Amino acid sequence: MNKLDMTQAIMVAKETKEVSWENIAEAIGMSPVWTTSACLGMNSMPADKASALCQYLDLSAEVREALEQYPTKVWDQAVPTDPLIYRLYEVVGVYGPTMKEIIQEKFGDGIMSAIDFNMSIERKEDPKGDRVIVTMDGKFLPYKAW
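Within each chain, residue numbers correspond to sequence positions counted from 1 in written order. It should be noted that, the model being predicted, local features are given only for residues of pLDDT at least 70 and side-chain atom pairs only at 80 or more, the latter also being counted only at that level, while totals for whole chains, interfaces and linings use all residues. Hydrogen atoms and water are omitted, and side-chain values are computed over all heavy atoms in the structure.

Quick look at the packing of helix α4 (residues 47-57) against helix α5 (residues 61-68) now. In helix packing, the relevant descriptors are the interaxial angle and the interaxial distance, both defined with respect to the helix axes. Where α4 contacts α5, the two axes come as close as 9 Å, and the packing angle between them is 145°. With respect to the hand of their crossing, α4 and α5 are arranged in right-handed fashion. Counted together, A47, A50, S51, L53 and C54 of α4 and V63, R64, L67 and E68 of α5 form the full contact between these two elements. Every axis in this analysis is a line fitted to C-alpha atoms, fitted for helices over the stretch in contact. Angles between the N-to-C directions lie between 0 and 180 degrees. Helix numbers and strand numbers start at the N terminus; a helix is a DSSP run of H or I with at least 4 residues, a strand a run of E with at least 2. Throughout, a crossing is termed right-handed when the near helix is turned clockwise from the far one, and left-handed when it is turned anticlockwise from it by less than a right angle. Should any heavy atoms of two residues lie within 4.5 Å, those residues are considered in contact.

Now the structure itself:
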C-alpha cells in the first residue's frame, strides 16, 4: 500500500467513526498536528503509534505498514488554490522575509528546523470573529563555516 492509498483509508475510517484529529491523536498519545501530518503521508509513525492508530480506527496491517514507511516529502510547487492553504502561503510570502530578518537578528545566521519542531493550532474566541492561533516551535540551526 502506498501513502496515498493509506491516507484515503484513514480518511474513510475517520469519517465513518465520526472522530476528529484530536480524538485520534489523543488515542495514540501524540499531538494532533503531528498525527494529522503522518496520516496525510508527510511523516512516518513509530510502530507502536501506527499499531495504536490502526487499532483505534479498525484499519488493516497494510495501513500500519504504510504509516511506518519513510515519506518522500514532496508537494506541488504551484501556488496552492485551496483558500486556507493559499492564505498560509501568502503569510509566508508577505512576512517570510520579516521572519527571516528577525530570527537571524536574534539568533544569527541559520534556520529554524522543521525536523526538531513542534506546532499547535488553537481557537480563540473573539467577539469580532474567532481567531486562529498557530504556534511554531523549531530548534535553531546555525549555518556552519568551514
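Back to the write-up after that little detour.
Before going further, it helps to spend a moment on the layout of surface pockets. Using a grid of 1 Å spacing that covers the protein atoms alone, one calls a set of points a cavity when a 1.4 Å probe fits there but cannot get out, and a pocket when the set is open and has protein on both sides within 12 Å along at least five of seven lines; lining residues are those with an atom within 4 Å of a point. Grid points are joined across faces, edges and corners, and a volume is the space filled by probe spheres set on the points. One number sums up the size of the largest pocket: a volume of about 2,700 Å³. Lining of the largest pocket is provided by 50 residues; of these, V33, L88, F117, M119 and M136 occupy positions nearest its centre. Secondary structure elements with two or more residues in the lining of the largest pocket: α2 (21-28), α3 (32-39), α6 (83-107), β1 (110-124) and β2 (131-142). For the lining of the largest pocket, the element with the highest residue contribution is α6, accounting for 13 residues. Polar here means any residue outside two lists: the nonpolar Ala, Val, Leu, Ile, Met, Phe, Trp, Tyr, Cys and Pro, and the charged Asp, Glu, Lys and Arg; Gly therefore counts as polar. Across the lining of the largest pocket, the residue classes tally to 31 nonpolar, 12 polar and 7 charged. Space inside the second largest pocket adds up to approximately 200 Å³.

Let us now look at the nonpolar core. Generally speaking, soluble globular proteins have nonpolar side chains that are buried together. Membership of the largest hydrophobic core comes to 18 residues, with the highest contact counts inside it found for I10, M45, L53, L57, L59, V63 and L67. Looking at this core element by element, the count peaks at 4 residues for α4. Among buried residues, those of type Ala, Val, Leu, Ile, Met, Phe, Trp, Tyr and Cys that are joined through side-chain atoms within 4.5 Å constitute a nonpolar core. Relative accessibility under 20% of the residue-type maximum defines a buried residue, over 50% an exposed one, and the middle range a partly exposed one, all with a 1.4 Å probe and only protein chains included.

Across 11 bridges, the pairing between β1 and β2 is antiparallel. When the bridges of β2 are listed, G110 appears paired with P142. Two strands qualify as a pair provided that DSSP identifies no fewer than 2 bridges between them.

We now examine the pattern of salt bridges. Think of a salt bridge as a Lys or Arg side-chain nitrogen and an Asp or Glu carboxyl oxygen that are within 4 Å of each other. In this structure the tally under the stated criterion is 5 salt bridges. Residue D58 pairs with K17 through a salt bridge whose shortest N-O separation is 3.0 Å. Separated by 41 residues along the polypeptide, D58 in the loop between α4 and α5 and K17 in helix α1 (residues 3-17) bring together distant segments of the chain. Between D130 and R123 there is a salt bridge, with the nearest N and O atoms lying 2.7 Å from each other. The exposure class of R123 is exposed, given its relative accessible area of 67%. Counted as one network, the salt bridges with shared partners bring together R64, E65 and E68.

Before going further, it helps to examine the packing of aromatic side chains. Geometrically, a pair of aromatic rings is defined through the distance of the ring centres and the angle of the planes. Pairing of aromatic side chains requires ring centres within 6.5 Å, counting the rings of Phe and Tyr and the six-membered ring of Trp. Pairs whose planes differ by under 30 degrees are stacked, by over 60 edge-to-face, and all others tilted. Inspection of every chain in the model, using the stated rule, returns 1 aromatic pair. Considering the side-chain rings of F107 and F140, the 5.0 Å spacing of their centres and the 25° angle between planes classify their relative orientation as stacked. In this pair, F107 is assigned in helix α6 and F140 in strand β2, connecting sequence segments 33 residues apart.

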